[in-house]
Amino acid sequence: MKIYTKGGDNGSTQILGVTSRVFKNDPRVHALGSLDETNAAIGHVRSALNVCTDVGLVVDARLSDVQNWLFDVGAKLTTNTKGDFSAKVLEMEGWIDGWEETLPELKNFILPAGTEAVSRIHLARAVSRRAERWLVDSASADWSLPLINRLSDMLFVLARYINYVNGVEEVIWKS
């Protein structure tokens, strides 16, 4: 089977569950693309983790779960079916709460900086925010918003946590 079909050469694409082709600037196509970018960015984070440590192994496993969930969201969005990700949102909130328990209280805005993995986490967080904005524009995807919103929160706390366990101080924003 060839990877190319030439069907998109005119700026359109086929989405499962949609009877006619849609243009590639359709909000749902943007949402799908941003989910894909988020997934790729998380893969980029995983490649920078030190999986030779207990922390690295746990974080890698959790990010692997998230990558699979992002594919689930994309599949539901593609087929125009609703998903229930409430259990996954609660699971992610548990991760966030666990990491936050070890962190000093956040009293200032911080800049996205630190270890290489942390810099990649902050980039993944920003990309996930873009996916969230496109999902808002894709009216059929309101069921996915809690998961994607919590993802950006999780990535923010994870970045702080990774810096903390590596002894890297946060860079405070100076106005």
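Before reading further, recall that the structure is shown in the block above.
Quick look at the structure, then. (Residues numbered from 1 in each chain as written. Predicted model: local features only at pLDDT ≥ 70, side-chain atom pairs only at ≥ 80, totals over all residues. Heavy atoms only, no water.)

Some words on the overall build of the protein chain
Rules: Strands are runs of DSSP state E lasting at least 2 residues, helices are runs of H or I lasting at least 4, and numbering of each runs from the N terminus. Type-normalised accessible area, obtained with a 1.4 Å probe on protein chains alone, sets the label of each residue: buried when under 20%, exposed when over 50%, and partly exposed for intermediate values. Residues are treated as being in contact if the distance between any of their heavy atoms lies within 4.5 Å. Note on charges: Lys and Arg go in the positive column, Asp and Glu in the negative column, and His and the chain ends are not counted at all. A charged residue contributes its charge at one atom only: NZ of Lys, CZ of Arg, CG of Asp or CD of Glu.
Scanning the protein chain from terminus to terminus reveals five helices and four strands. Seen in sequence order, the protein chain has helices and strands lined up from the N terminus as β-β-α-α-α-β-α-α-β. Buried residues in the protein chain amount to 38% of all 175 residues. Partitioning the contacts of the protein chain with sequence separation of at least 6, the portion at a separation of at least 24 is 72%. Considering the protein chain, the positive charge centre built from 19 side chains and the negative charge centre built from 22 side chains are found 8 Å apart.

A short note on the layout of surface pockets
Applied cut-off: Buried and open spaces are told apart on a 1 Å grid over the protein atoms alone, a cavity being a set of points where a 1.4 Å probe fits but cannot get out and a pocket being an open set with protein on both sides within 12 Å along at least five of seven lines. Residues with an atom within 4 Å of a point are the lining residues. Grid points are joined across faces, edges and corners, and a volume is the space filled by probe spheres set on the points.
Here the largest pocket is characterised by a volume of approximately 320 Å³. Around the largest pocket, the lining comprises 15 residues; the ones closest to its centre are L32, G33, D36, G74 and T78. Elements that contribute at least two residues to the lining of the largest pocket include exactly α1 (27-48) and α2 (54-78). Considering every element that reaches the lining of the largest pocket, the biggest residue donor is α1, with six residues.

Some details on empty space enclosed by the protein
Scanning the entire structure with this criterion turns up one cavity of 30 Å³ or more. In this model, the largest cavity occupies a volume close to 40 Å³. Lining the largest cavity are I110, L111, A113, H122, A159, R160, N163, E170 and V171. Those elements giving two or more residues to the lining of the largest cavity turn out to be β3 (110-111) and α5 (145-165). In terms of residue count, the dominant contributor to the lining of the largest cavity is α5 (three residues).

Considerations on the side chain of S12
For clarity, the threshold we go by: Polar contacts, as used here, are pairs of N or O atoms within 3.5 Å; protein pairs need one atom able to donate a hydrogen and one able to accept it. Residues neighboring in sequence count only if both atoms are side-chain atoms.
With respect to the helices and strands, S12 occurs in strand β1 (residues 12-13). In terms of polar contacts, S12 uses its side chain to reach the side chain of N10, at 2.6 Å. Looking at S12, its side chain comes within polar contact range of the side chain of R21, at 2.9 Å. When neighbours within four sequence positions are excluded, S12 is seen to be in contact with G7, R21, V22, F23 and K24.

Observations concerning helix α4 (residues 116-137)
Inclusion rule: Expected span of a helix: the number of residues minus one, times 1.5 Å.
An ideal rise of 1.5 Å per residue puts 32 Å on 22 residues; α4 measures up with 32 Å between its terminal C-alpha atoms. Within α4, the full set of buried residues consists of A117, V118, R120, I121, H122, A124, V127, S128, A131, E132 and L135. In this structure, the buried side of α4 is in contact with α1, α2 and α5.

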